Amino acid sequence: MSKMEMKYTRGNSFNKPRLSVEEKTALRERRMSNYEGTTASMPLCIFNLMNAILGSGILGLANAVRNLGVALFSIMLVAVSGLAFNSIRLLVDMCDYTGNSSYEAIGKAAFGTGGKIVTILNIFIHTLGAMCSFLFIVKYELPEVIRVIVGADECATDWYLNGDILMIMVTVIVIMPLAAARNIGFLGYTSGFAMLCMIFFTCVIVAEKFIIPCPIRANATMVDTNVTQPTIIETYSNVTPSNDNVINEVCHSRTSDIFVEFEEGLQSQTCDVKVVTWNNKSAYAMPTMVFAFQCHASVLPIYTELTNPTKGRMLKVAAISITNVFLLYFLAAVFGYLTFYSAVGPELLLMYSAYDPTNAIILISRIMVLICVIFSTPLLHYPARKSIVMLLFENKPFSWIRHIVIMLIILTTTNILVIFVPTIREVFGFAGATCASMLVIILPSLFYLRIGPGRLLSTKKIICLVLVVIGVGFMILSMALIIAGWIAVIIDLIHNDYDVIIKSTVMLIVTEQRNKEQTKNIVTSQCHVRVVQSHQP
């Protein structure tokens, strides 16, 4: 054991000595000696980090504004972006202090094998969930883009309008070749193009605020309060087979929950700005923002590939990236909210496509978002693959066969989940909320408490301790809200089943009454005929 390693390991677990400049330089050189790839310039690293941050989260932040109000959302977005930057700073500090160049290795340095496994599981589940969310966008948006381009009918079912087939084709043709690369430095070029796409989409959101009218359906809220609501018997007795046929003619793609919520929002749309508000969905806004800024699994690989990787240069990369993403998020969220107000749904892009899907600017925006999420998928695949390698194949030489097999397993699993699990949003929403809070707030602060330089009662470590408490509370709250949502869904399903039973029972009763009346009329007619015949000579 070297003198530097002895200095690092001696003393109390939560009180570590500070390293000298020479020791930091030696650790950095040791870390760089383990890296065999090419380096990337600062602009490319900025593009990579921005692309790691940006994703499907930009489509859900306008709904967060709706549920929090403009002022409260702005304050919370600043707080979350600050937490994200602070976590990156802690990770970079620990990377320099320990000489480890991965999140997983830092977890092992802090809490041994247990810390490594917990970190790997959080990174893998979060990145897998994020890749699923990107491929869900491809699955649902790409068919609509092609439908508009070829002029297909809304209910057309051609193979090139099948979201599952298109998603698999995109995975094989675009994502797999990019994900097969050993290092991710070259993805900065595709990331730069993706950034231009996202900037264009944000500009369209700002411009459309001054084009789309509000309310979109001016007469949607006109309700005649004098109309008497029909009773259950009256409602269900009027159901006929022809009505069922009409229901069956509605396209399945327009009867999903997201379209139903969209229509309900437009029916009750109001156009007043909420500065501060709170409702039963407001507590979901904070997890959405934390998930939107989660990029920490990609930070240390990007730090390793940075040319002349010093703490100052990496923090500059992080500051520029988070600031740019913050501006894009803020503009997209606020102007998206100011366009649709109370009707804003969980996916902002759907609002524009439903308003005028054939509009050329809207169509280009959808293409831009698709390009961004497609190029973000291989960037998120890198830390997912690296987590598996560190968990199962640590200290083994690089193997292209193992490299490709792991890639195929991850991407195949992702495609299968998107195809066969229709409620993947709820499943990975739960995993994402917990994993995002772990990766952004809890683990960096907890690791720094354990292995960061300085005494336990130092200001920096006290702040880390406070953040750990806040992160745990946030995670518990998120889990409780999601579980409560699942319970509400189950209750709603039971209620719907109860309604179906009532409907079936009522219709059975009505049918039996009609049959009895018809039988009585037939018997009466037959008796009348017999009486008439008996009086004939």
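Please refer to the structure higher up on the page.
Residues numbered from 1 in each chain as written. Predicted model: local features only at pLDDT ≥ 70, side-chain atom pairs only at ≥ 80, totals over all residues. Heavy atoms only, no water.

Asks: I'm lost on the packing of aromatic side chains in this one. Help?
Replies: Following the criterion strictly, the structure yields eight aromatic pairs and no others. A ring pair is formed by Phe-293 and Tyr-329, whose centres lie 5.3 Å apart and whose planes are at 90°; its orientation type is edge-to-face. Highlighted residues: Phe-293 in the loop between helix H12 (285–292) and helix H13 (296–305) and Tyr-329 in helix H14 (residues 311–340), separated in sequence by 36 residues. A residue is classified by how much of its surface remains accessible, and Phe-293, at 1% relative accessible area, is buried. With a centroid separation of 5.0 Å and 85° between ring planes, the pair formed by Phe-398 and Trp-400 is classed as edge-to-face. Residue classification places Phe-398 among the partly exposed positions, given a relative accessible area of 34%. Clustering of aromatic rings is evident, with ring pairs tying together Tyr-103, Phe-111 and Phe-447. Against the face of Phe-393 rests Arg-402, its NZ or CZ located 5.0 Å from the ring centre. (Phe/Tyr/Trp six-rings, centres within 6.5 Å; stacked < 30°, edge-to-face > 60°. Helix = DSSP H or I, 4+ residues; strand = E, 2+ residues; numbered from the N terminus. Buried < 20%, exposed > 50% of the residue type's maximum accessible area, 1.4 Å probe, protein only. Lys NZ or Arg CZ within 6 Å of the ring centre and 35° of its normal.)

Asks: What is the right way to look at the pattern of salt bridges in this model?
Replies: A pair can form between side chains of opposite charge whenever their charged atoms are brought close. In this structure the tally under the stated criterion is six salt bridges. Its salt-bridge partner being Asp-272, residue Lys-274 comes within 3.3 Å of it at the nearest N-O pair. Here Lys-274 falls in the partly exposed class, since its relative accessible area comes to 38%. Residue classification places Asp-272 among the partly exposed residues on the basis of a relative accessible area of 35%. (Salt bridge = Lys/Arg side-chain N within 4 Å of Asp/Glu carboxyl O.)

Asks: How should I be thinking about the state of the cysteines in this particular structure?
Replies: Going through the model one piece at a time under the given rule, you end up with one disulfide. Between Cys-214 and Cys-271 runs a disulfide, and the two sulfur atoms are separated by 1.9 Å. Taking the torsion about the sulfur-sulfur bond, which here is approximately -95°, the covalent link between Cys-214 and Cys-271 counts as left-handed. Of this pair, Cys-214 sits in the loop between helix H8 (187–208) and helix H9 (232–237) while Cys-271 sits in the loop between helix H11 (257–267) and H12, and the two are 57 residues apart along the sequence. Overall, Cys-271 belongs to the partly exposed group, its relative accessible area being 33%. (Disulfide = S-S within 2.5 Å.)

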